[in-house]
Amino acid sequence: MRLLPHISWSWSWPATFILFFVAGGAPFPFGSTNDLSIAFWCLCLGLALIVAPTRDLRRPHFWMIAGIGVIVAGYAFVLHEQLSDHPWIAPFNPIWKQASDLLGVPIAPSASIVKNEAFFALGAPLANILAILLGIAVGAERERARRLLWVIAVSGSLYALYGVASFLIEPTMILWRDKTAYMGSVTGTFINRNTAAAYFGSCAVIWMLLILEDVRRRLPERHIAWKRVWRDVAEIPPRQILPHLGALLICLMAMFMTTSRAGVSLSLLAMIASFTVFLRKDLPPRTGIWISLGSGVVVALGLMQLLGGRVSSRFDSQGLVDEGRIEAWKSTLQIIADNPWFGTGMGTFQWAFPPYRSPNISIRGIWDIAHSTPLELASDVGIPMALLVAAAWAVMFVILGRGVFARRRDSIIPLAAAATASLSLLHSCLDFTLQIPGYSIPFFALFGAGLAQSFRSTEPARAQGEVVAAPYERGRRTEPARGLRRARELHKTVWF
């Protein structure tokens, strides 16, 4: 009698599919920067979180969720102070008294310079919090975490392909709208080329790690024999590796065609660092890491000359950072100095900035964003809340670092999370990448999955029905690995 695979319902499916849908779809509607898109993603993530699987969560995961709860409590307290007519400890902003004196009529004061704006600005931070919580819940199971990695990588390559194709066919359009800026740059479905560069670069990092893992798994030796590594790689069937290389190439091509200086440079830096960390055990002792870093820099410079000629020309003509952006940062520091405890109110930067605008900044344009997420955060919600968020990022990097160096398998999940988190955080210090939900939502979900996979499973792999990554002997799997594979074929269980 022929055995048929048994498909059993799992309550993790709805939350998993919704998370995959959001992670793949968030970049599509122009980076999801409008309120309607943000509200829709919050609704999807909220519903998914209600039915999220909890069976795989362990004590470290609950401690991380508790830490996120502290961040939520901090935001709730600041929002209360900025929205309330009777705040507990926050002083009223003096702008209201000045307006009342000028107009000669009484005006109800507020701790925020724009009443109720904090409520409308809550959408993007809420979506990020929901994404990382759902990432932890869904990513606590290794197969679901790996699928999330693939969803982000594949969707990123498709957006990159669209970006390159649309630039070649109709460079004046973004989806169904006219393109009003960055006519000579690829932006994909994003409005801003810098965010697009960070997104394509982050997806390139993931593709590179997936390729490295696949190639490393196929090599027969326990440690790579570098003298014949190219011969071993050449023996891999092309149809099994070329699609991945093609996806990586299209992401790199789109990234370079954005002509973003910081986005391209930081993406290449993240690729070099993650490549070295992944292969650290196979590199020669003492000098191996330095050789890898040096070789990576040489390859990056070669790619810059080959694919990034316009990026190099922007470095030559404008330097690393525009002078106007530096002056804007100085002005933002003045805002923080005058409003250190509770800021000017969430989402109020565009109204708070004009009185502080430096005369050295060109009169052209409106500065509605500080082009530095940490500085804008501090100016909006105050230094204490900004420090709490900074501490949470530091803890996240410590946990991800533990996962990268402690896990024996699936280490690319925390490594991909750490690499993209570093890229996005560094880029957000120079721009506003993490303020664009189309970028932040998928990668906060990845951060959550990376955090969840930074701890080893307490259950043995055999009990979970997983195929153990067995050592190779003369290019073939050992008998125990084949036995486990046969057992899995006889007792198939489909789950997410």
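Scroll up for the structure.
Student: What am I meant to see in the nonpolar core here?
Tutor: The tendency in soluble globular proteins is for nonpolar side chains to be buried side by side. Core analysis: the largest hydrophobic core is formed by 110 residues, its most contacted members being F200, I206, F443 and F447. Among the elements that take part in this core, helix α8 (residues 193-218) stands out by supplying 15 residues, more than any other. With residues up to four places along the chain from it excluded, the contact list for I206 reads L149, I152, A153, A416, T420, F443 and L446. Formed by 10 residues, the second largest nonpolar core is a distinct cluster that contains A328, F349, A352 and I361.

Student: Which parts of the structure should I look at to understand the packing of helix α10 (residues 238-257) against helix α11 (residues 261-278)?
Tutor: A pair of packed helices is characterised by two quantities: the angle between their axes and the separation of those axes. Their axes nearest at 10 Å, the elements α10 and α11 cross at an angle of 150°. The pairing of α10 with α11 is recorded here as roughly antiparallel in orientation. Seen from above, α10 lies across α11 with left-handed handedness. Counted together, L248, L252, M255 and F256 of α10 and V264, S267, L268 and M271 of α11 form the full contact between these two elements. Residues that form the contact of α10 with α11 fall into these classes: seven nonpolar, one polar and no charged.

Student: For this particular structure, what's the right way to read unusual backbone geometry?
Tutor: For residues besides glycine, phi is generally negative; the peptide bonds are generally trans as well. In this structure, S32 is a non-glycine residue whose phi angle is positive, near 55°. Within the secondary structure, S32 sits in the loop between α1 (12-25) and α2 (35-50). Using a relative accessible area of 0% as the deciding quantity, one classes S32 as buried. For T259, which is not glycine, the phi torsion reads 60° and is therefore positive.

Student: Would you explain the packing of α8 against helix α19 (residues 437-452) in this entry?
Tutor: Packing of α8 against α19 leaves a shortest axis separation of 11 Å and a crossing angle of 30°. Here α8 is positioned roughly parallel relative to α19, judged by the angle of their axes. In this structure, α8 meets α19 at a crossing whose hand is left-handed. Note on element contacts: α19 touches α8 through Y439, F443 and L446, opposite T195, A198, Y199, S202, C203 and I206. Residues that form the contact of α8 with α19 fall into these classes: seven nonpolar, two polar and no charged.

What counts, and at which threshold
Residues numbered from 1 in each chain as written. Predicted model: local features only at pLDDT ≥ 70, side-chain atom pairs only at ≥ 80, totals over all residues. Heavy atoms only, no water. Core = buried A, V, L, I, M, F, W, Y, C linked by side-chain atoms within 4.5 Å. Buried < 20%, exposed > 50% of the residue type's maximum accessible area, 1.4 Å probe, protein only. Helix = DSSP H or I, 4+ residues; strand = E, 2+ residues; numbered from the N terminus. Contact = heavy atoms within 4.5 Å. Axes fitted to C-alpha atoms, helices over the stretch in contact; angles between N-to-C directions. Parallel < 35°, antiparallel > 145°, perpendicular 65-115°, else oblique. Left-handed = near helix turned anticlockwise from the far one by under 90°. Nonpolar A, V, L, I, M, F, W, Y, C, P; charged D, E, K, R; others polar.

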